[in-house]
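Chain by chain, the residues:
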Amino acid sequence: MRITIHRGYDQIGGCITEIATDRTRILIDLGQNLPDGEGVITDNLASYEAIERITANVDAIFYTHYHGDHFGLFHFVSDSITQYIGKAAKRVALCKHQQLSHIKGREVVSAFEIAKIEQMKTIEPKQVIVVGDIKVIPYFVSHSAYDAYMFLIEADGKRILHTGDFRGHGYLSKGLLPTIKNHILNRNNIDFLITEGTMLDRLDERVLHENELKTEVIELMNQYKYVFVMCSSTDMERLATFYAANKEIGDRPFVCDDFQKRILEIFSDTAGKESPLFDFKSPYEFWKENKKLFSWMQEKGFCMLIRATDKFYDYLDFIMPLIDSSNTLMIYSMWKEYINPLSIHANKRYIDLVGKFHYVKNIHTSGHASAKCLAEICSIVNPTLGIIPIHSENSSDYEKLPIKSELKEKIITKSTIIENFVIEISKNKMLI
């Protein structure tokens, strides 16, 4: 068997992992490189020719979730290759690309991308999928993208667990350890653990649970009448935090635009049927001519979800002069480095949007596993042959985790051969 980390070692995003036997080849994720601060993506694999080379003789591609750094190159894939994604994740991806189709000059490209997504097969938790002589079983994980999965891969008498991106501090994280203990490890050992390490450079950072964020948000909403929120439009658990907090305050509308409303409707129709926490009911759709809604917003206050787009700049130009600025707060709920002007990850549009507000509060917790959680997963899984770190700016930092020395010795950081397994790790850095 051959495990190839085409991309993802020593870089965050752009993840592509291949698992192959003599008869079958599959890919886990086909991610695009992350954009720079100006929103520009530099990616030498973003072409039909490059993807054709990587996917030659590939039988199937499995996506852990819909974030672009794991999913973004899907449209370059030949129709002859089956692509799999979660059922709700497919709906979110379609909604996002339908929204992009409204951008002038992008209509034809978006139509092509939408057709590609519509062709994808969907997966569900614990479903057994057989591709040639490789068996793939998805297991649900909590992440800042809803309907995300880790994959158990069985082939050639060996078992590989690819965690994808995950975390242990979300509302939906309580099933993480029981799933691994009771479903993945109940039949046999794991030979290889392929896992993320996004937060390895923050070994001592304590991550907050979503419940802790909700408590803090409620306190702020009691202090400020008019609350704007900037967070990921597809992070269901974070959106639930703000929705629940606003509900605690009383008669205040929860306001968004038409795109965000469609995303929330998908979450209500899927996760909302399993838990009332994710039932967003009917959020109020804002447009400037909706005088009845705006009158309510002025009188009672509001929680409004906003994004760094021209549409929301226009909305803010309309709203801000008509409300009390001293009673207005902007909650920024994304990675702090995006609004740090000195950071290489700084995003100019995010910085400009935050700069429109006098009072700003940063309330955020990561969509990725803390160092403590990563150490716990490594120790519980305890792979017999090796740990392969991906999705980290410095994958060798895995050796700093508080795990047993015999586990540290199993960390694979270079191409090697282990008991008839060929491990190939690309050392290509992300281009920004």
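Here goes a summary of the coordinates provided.

What about the sheet that holds strand β16 (residues 328-333)?
And step 1. The six strands are arranged β14-β13-β15-β12-β16-β17 in an open sheet whose pairing can be described as parallel. The open sheet has two edge strands, β14 (284-285) and β17 (360-362), and neither has a second partner.
And step 2. The pairing of strand β13 (residues 254-256) with strand β15 (residues 302-305) spans two bridges and is classified as parallel. Bridge pairing in β15 places Val255 opposite Met304.
And step 3. Contacting β12 (226-231), β15, β16 and β17, helix α6 (residues 210-223) crosses the sheet at an angle of about 165 degrees to β16.
And step 4. Lying on the sheet, helix α10 (residues 310-319) is in contact with β12 and β15; it crosses β15 at an angle near 155 degrees.

Thoughts on the nonpolar core
Across soluble globular proteins, nonpolar side chains have a tendency to be buried as a group.
And step 1. If you look at the biggest cluster of nonpolar residues, it comprises 60 residues, and the most contacted ones within it are Leu30, Tyr63, Tyr66, Phe267 and Ile331.
And step 2. Aside from chain neighbours lying at most four places away, what touches Tyr66 is Phe71, Ile85, Ala89, Val92, Ala93, Lys96, Ala145, Tyr146, Thr234 and Phe267.

Describing the environment of Arg106
And step 1. Topologically, Arg106 is positioned in the loop between α3 (87-100) and α4 (107-119).
And step 2. Sequence separation between Arg106 and Tyr66 is 40 residues, and the spatial gap between their C-alpha atoms is 20 Å.
And step 3. Residues within four places of Arg106 in sequence aside, it is in contact with Leu100 and Glu113.
And step 4. Within the structure, Arg106 has its side chain in polar contact with the side chain of Ser110 (distance 2.6 Å).

A short note on the packing of α3 against α4
And step 1. At their nearest, the axes of α3 and α4 sit 9 Å apart, and the two run at 170 degrees to each other. Here α3 lies roughly antiparallel to α4, going by the angle between them. Residues Lys90, Ala93, Leu94, His97, Gln98 and Leu100 of α3 form the contact with α4, whose participating residues are Ser110, Glu113, Ile114, Ile117 and Glu118.
And step 2. By residue class, the composition of the contact of α3 with α4 is five nonpolar, three polar and three charged.

A closer look at the side chain of Lys90
And step 1. Within the fold, Lys90 resides in helix α3.
And step 2. Of the side chains with opposite charge, Glu118 lies nearest to the buried Lys90, which makes no salt bridge, at 7.8 Å.
And step 3. A distance of 3.0 Å separates the side chain of Lys90 from the backbone oxygen of Glu118, its partner in a polar contact.

A short note on the side chain of Thr55
And step 1. Topologically, Thr55 is positioned in helix α1 (residues 48-55).
And step 2. With sequence-adjacent residues up to four places away left out, Thr55 is seen in contact with Leu27, Ile61 and Ile81.

Things to note about the sheet that holds strand β10 (residues 158-162)
And step 1. Ordered in space as β7-β8-β9-β10-β11-β18, the six strands form an open sheet in which the pairing is mixed. Either end of the sheet is taken by a strand with one partner, and the two such strands are β7 (129-131) and β18 (386-390). Going from strand to strand, the sheet's axes swing by 20 degrees on average, the running direction of each strand aside.
And step 2. By the bridge criterion, three bridges tie β7 to strand β8 (residues 134-141) in an arrangement that is antiparallel. Residue pairing in the sheet places Ile129 in a bridge with Val136 of β8.
And step 3. The sheet strands contacting helix α12 (residues 371-381) are β10, β11 (192-196) and β18, and the helix crosses β11 at an angle near 170 degrees.

A word on the pairing of β8
And step 1. With six of eight residues buried, β8 is to be regarded as a mostly interior element.
And step 2. Between β7 and β8, which pair antiparallel one after the other, the connecting turn spans two residues, and Gly132 there sits at a positive phi close to 60 degrees.
And step 3. In this structure, the hairpin formed by β8 and strand β9 (residues 148-155) is closed by a connection of six residues, where Asp147 is found at a positive phi of approximately 65 degrees.

So, α4
And step 1. Between the first and last C-alpha of α4 there are 19 Å, a value that for 13 residues agrees with the 18 Å anticipated at 1.5 Å per step.
And step 2. Regarding α4, the residues found buried are Ser110, Glu113, Ile114, Lys116 and Ile117. Angular distribution of buried residues about the axis of α4 spans 160 degrees; they occupy a single face of the element.
And step 3. Residues of α4 that are buried in the fold lie against α2 (68-71) and α3.

Here we look at the packing of aromatic side chains
Note on aromatic pairs: each is described by the distance of the centres and the angle between the planes.
And step 1. What the rule picks out here adds up to 23 aromatic pairs.
And step 2. Considering the side-chain rings of Phe312 and Tyr315, the 5.5 Å spacing of their centres and the 80 degrees angle between planes classify their relative orientation as edge-to-face. In this pair, Phe312 and Tyr315 are both assigned in helix α10, three residues apart and thus about one turn of the helix distant. Of the two residues, Phe312 and Tyr315, both sit in the buried class.
And step 3. Pairwise contacts between aromatic rings join Phe286, Phe294, Phe312, Tyr315 and Phe318 into one cluster.

So, the packing of α6 against helix α7 (residues 236-249)
Angle between the axes and distance between the axes are the two parameters that describe a pair of packed helices.
And step 1. Contact geometry of α6 with α7 gives a least axis separation of 9 Å together with a crossing angle of 40 degrees. When the axis of α6 is compared with that of α7, the two are oblique. The chirality of how α6 crosses α7 is right-handed. Across from Glu210, Leu213, Lys214, Val217, Ile218, Met221 and Asn222 in α6, the residues of α7 making contact are Glu237, Arg238, Thr241, Phe242, Ala244, Ala245, Asn246, Glu248 and Ile249.
And step 2. Tallied by class, the residues present in the contact of α6 with α7 amount to eight nonpolar, three polar and five charged.

Things to note about the environment of Ile412
And step 1. Within the secondary structure, Ile412 is located in the loop between α13 (405-408) and β19 (416-418).
And step 2. The class of Ile412 is buried, set by a relative accessible area of 6%.
And step 3. With 26 residues separating them along the chain, Ile412 and Gly386 place their C-alpha atoms 6.3 Å apart.

What about unusual backbone geometry?
Most peptide bonds take the trans configuration, and most residues that are not glycine carry a negative phi.
And step 1. Unusually for a residue other than glycine, Lys126 sits at a positive phi of about 70 degrees.
And step 2. By the element assignment, Lys126 lies in the loop between β6 (121-123) and β7.
And step 3. Exposure remark for Lys126: the relative accessible area of 46% places this residue in the partly exposed category.
And step 4. For Asn382, which is not a glycine, the phi torsion comes out positive at approximately 45 degrees.
And step 5. Within the secondary structure, Asn382 sits in the loop between α12 and β18.
And step 6. A relative accessible area of 33% places Asn382 in the partly exposed class.

About the criteria used
Residues numbered from 1 in each chain as written. Predicted model: local features only at pLDDT ≥ 70, side-chain atom pairs only at ≥ 80, totals over all residues. Heavy atoms only, no water. Pairing = 2+ DSSP bridges. Helix = DSSP H or I, 4+ residues; strand = E, 2+ residues; numbered from the N terminus. Contact = heavy atoms within 4.5 Å. Axes fitted to C-alpha atoms, helices over the stretch in contact; angles between N-to-C directions. Core = buried A, V, L, I, M, F, W, Y, C linked by side-chain atoms within 4.5 Å. Buried < 20%, exposed > 50% of the residue type's maximum accessible area, 1.4 Å probe, protein only. Polar contact = N/O pair within 3.5 Å; in protein donor to acceptor, adjacent residues only side chain to side chain. Parallel < 35°, antiparallel > 145°, perpendicular 65-115°, else oblique. Nonpolar A, V, L, I, M, F, W, Y, C, P; charged D, E, K, R; others polar. Lys, Arg positive; Asp, Glu negative; His and termini not counted. Salt bridge = Lys/Arg side-chain N within 4 Å of Asp/Glu carboxyl O. Expected span 1.5 Å × (residues − 1). Arc of directions from axis to C-beta. Phe/Tyr/Trp six-rings, centres within 6.5 Å; stacked < 30°, edge-to-face > 60°. Left-handed = near helix turned anticlockwise from the far one by under 90°.

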